[in-house]
Amino acid sequence: MPDAFILGIESSCDETAAAVVRSGEQVISNVVLSQIATHQPYGGVVPELASREHLRAIVPVVRTALAEAGKTYQTVDALAVTRGPGLAGALLVGISFAKALAFALEKPLVAVNHLEGHIHAVLLEERQKGNHEVAFPVLALVVSGGHTHLYLTQLKGQGWSYLNVGHTRDDAAGEAFDKVAKLLGLSYPGGPIVDKLARHGDPRAVKFPWAQIKHRDRRVGGGNLEKPAFDFSYSGIKTAVLRYVETHPEIQQGIAARQGLAKSGRQPRKVEEWLAVCDRPTLDLIASFQRAVVEDLVGKTLAAAREHDVATLFVTGGVAANSELRRRFEQEAARQGIAVFFPSLRLSTDNAAMIAAAAYPKFLAGEFAEPDLSAEAGLVLR
Ligand code: KG4
Ligand code: ZN
């Protein structure tokens, strides 16, 4: 197969990213500019601010990715860009730039689904390690700030096919981490700080009366192959944490103190500083919340893996960076004889290397973007 250097561009949410990847198997450069500082005061991504920041960052980020790869606009073989899903205005910045660049350079442009990108982050890194032996079909859990989706992933000729066999009915798991962190006066995004603080609390301290989805009223596949779907729901756990806080004044005091620090620009940065402003009941609540989400994700994903008879699991997306999630998946998958793969921490959260990697099979197949390519905020993966 011919070698190809693909320049990937990603701008679907709050990271402006560009990367050069060789033939879907080697990261040559990977630049990610996070907008966390811009959105931090609002405790969530503000779409208008995201578009503005992408506009500012896109040219320097792409130039840096090329320079770090020792490449120029002329010496890459193709461009790849995220078509969706994501914030329409944010996506448009990357798409407009990539289209103009491809047109001016007379290079092919490949449009990539962001979720397919997260799945290919795992494949890219396994190939980079020399592992070409992944057994298909794979069950991929894409778990991020916007998604909690299970895809049965098959090789189909040079390309791939994806069957959605489960998704969240309301909030994504990452959204629950972000909302609970905001509620508790912690920093944005919530996942990383909850992950670090949860290690200092008792995960069994708080039992949540949380209505998880246990019934299976959706079926997928069709015909004789029809199987139940495995759906998720994380808005209930957020409300359960809120109810718990409302009945525990000592936790409310801590929240007010942390919010005060944030308002006066003295929000802690290091874990030790956070620990100094989080009491025992708060740490126990954080650890119990994380445990509830992790056990739900691990339990349902492994049940889906058994039902759909897969030998391989991929766990990818921002929440896949969670240390407890990784530990529990590794433990349970080993017990059940299923191989589980994660991307490195750097490629778990949004990046453009995954977009360039997912574009490679499409590049080989000549599946290029139409000239009228536009953002698709609600793009589904098939
Ligand atoms: O994939 P990503 O960078 O962007 C989306 O496509 O959404 O995921 C971001 C999400 C945020 O909700 C963030 O809180 C969560 O991933 N996240 C984590 C961790 N690191 C990031 N959640 C739990 N534990 C972490 N260590
Ligand atoms: Zn993502």
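Residues numbered from 1 in each chain as written. Chains lettered and ligands numbered in written order. Predicted model: local features only at pLDDT ≥ 70, side-chain atom pairs only at ≥ 80, totals over all residues. Heavy atoms only, no water.

Draft legend 1. Unusual backbone geometry, seen in detail. A cis amide bond links Gly84 to the next residue, Pro85, at an omega of -10°. Tracing the backbone through its elements, the reader meets Pro85 in the loop between strand 4 (78-84) and helix 3 (88-105). A cis geometry characterises the amide bond from Tyr188 onward to Pro189, with omega recorded as -10°. You can see Pro189 is positioned in the loop between helix 5 (173-183) and helix 6 (190-198). A positive phi angle is found at Glu106, which is not glycine, with a value near 55°. Mapped onto the secondary structure, Glu106 falls in the loop between helix 3 and strand 5 (109-113). Residue classification places Glu106 among the exposed residues on the basis of a relative accessible area of 74%. The residue Asp309 is not glycine, and still its phi comes out positive at about 55°. Of note, Asp309 is situated in the loop between helix 10 (280-307) and strand 11 (312-316). (Helix = DSSP H or I, 4+ residues; strand = E, 2+ residues; numbered from the N terminus. Buried < 20%, exposed > 50% of the residue type's maximum accessible area, 1.4 Å probe, protein only.)

Draft legend 2. Examining the domain arrangement of the protein chain more closely. Domain boundaries in the protein chain define domain 1 (5-128 + 348-365) and domain 2 (138-310). Here the C-alpha centre of domain 2 lies 26 Å away from the C-alpha centre of domain 1. Contacts between domain 1 and domain 2 engage 18 residues on the former and 13 residues on the latter. Contact between domain 1 and domain 2 buries roughly 1,300 Å² in total, counting both sides, with carbon and sulfur atoms accounting for 68%. When the buried area of domain 1 at its contact with domain 2 is split by residue, Gln40, Leu115 and Ile119 rank highest and sum to 39% of it. Along the contact surface separating domain 1 from domain 2 lie 0 salt bridges. (Domains from an automatic or database assignment. Contact = heavy atoms within 4.5 Å. Buried area = accessible area lost by both parts, 1.4 Å probe. Salt bridge = Lys/Arg side-chain N within 4 Å of Asp/Glu carboxyl O.)

Draft legend 3. Local environment of the coordination of the zinc ion (ligand 2). Protein ligation of the zinc ion (ligand 2) involves His114 (NE2), His118 (NE2) and Asp350 (OD), the donor distances falling in the range 2.1 to 2.2 Å. One can describe the donor arrangement at the zinc ion (ligand 2) as irregular, given that its 4 donor atoms subtend angles of 92 to 150° at the metal. Here the donor residues of the zinc ion (ligand 2) share one chain and are spaced in sequence as H-x3-H-x231-D. Highlighted residues: His114 and His118, both in helix 4 (residues 114-128), separated by 4 residues, approximately one helical turn. (Donors = N, O, S within 2.8 Å, 3.2 Å for Na, K, Ca; no water. Tetrahedral: all angles 85-135°; square planar, octahedral: opposite > 155°, others 65-115°.)

Draft legend 4. Geometry of the site of ligand 1. The full set close to ligand 1 counts 19 residues, and Gly145, Asp178, Gly191, Asp195 and Asp350 are the nearest of them. Interatomic distance of 3.2 Å between a backbone N/O atom of Gly174 and an oxygen atom of ligand 1. Burial of ligand 1 by the surrounding chains reaches 90%, relative to a free accessible area of 550 Å². Of all the elements in the fold, those that place two or more residues in the shell around ligand 1 are helix 4, helix 5 and helix 6. At 4 residues, the largest contribution of residues to the shell around ligand 1 is made by helix 6. When grouped by side-chain class, the residues that make up the shell around ligand 1 number 5 nonpolar, 11 polar and 3 charged. Shared between two domains, the shell around ligand 1 holds at least three residues of each, these being domain 1 (5-128 + 348-365) and domain 2 (138-310). (Near = heavy atom within 4 Å. Polar contact = N/O pair within 3.5 Å; in protein donor to acceptor, adjacent residues only side chain to side chain. Areas by Shrake-Rupley, 256 points an atom, 1.4 Å probe, with all protein chains shown as cover. Nonpolar A, V, L, I, M, F, W, Y, C, P; charged D, E, K, R; others polar.)

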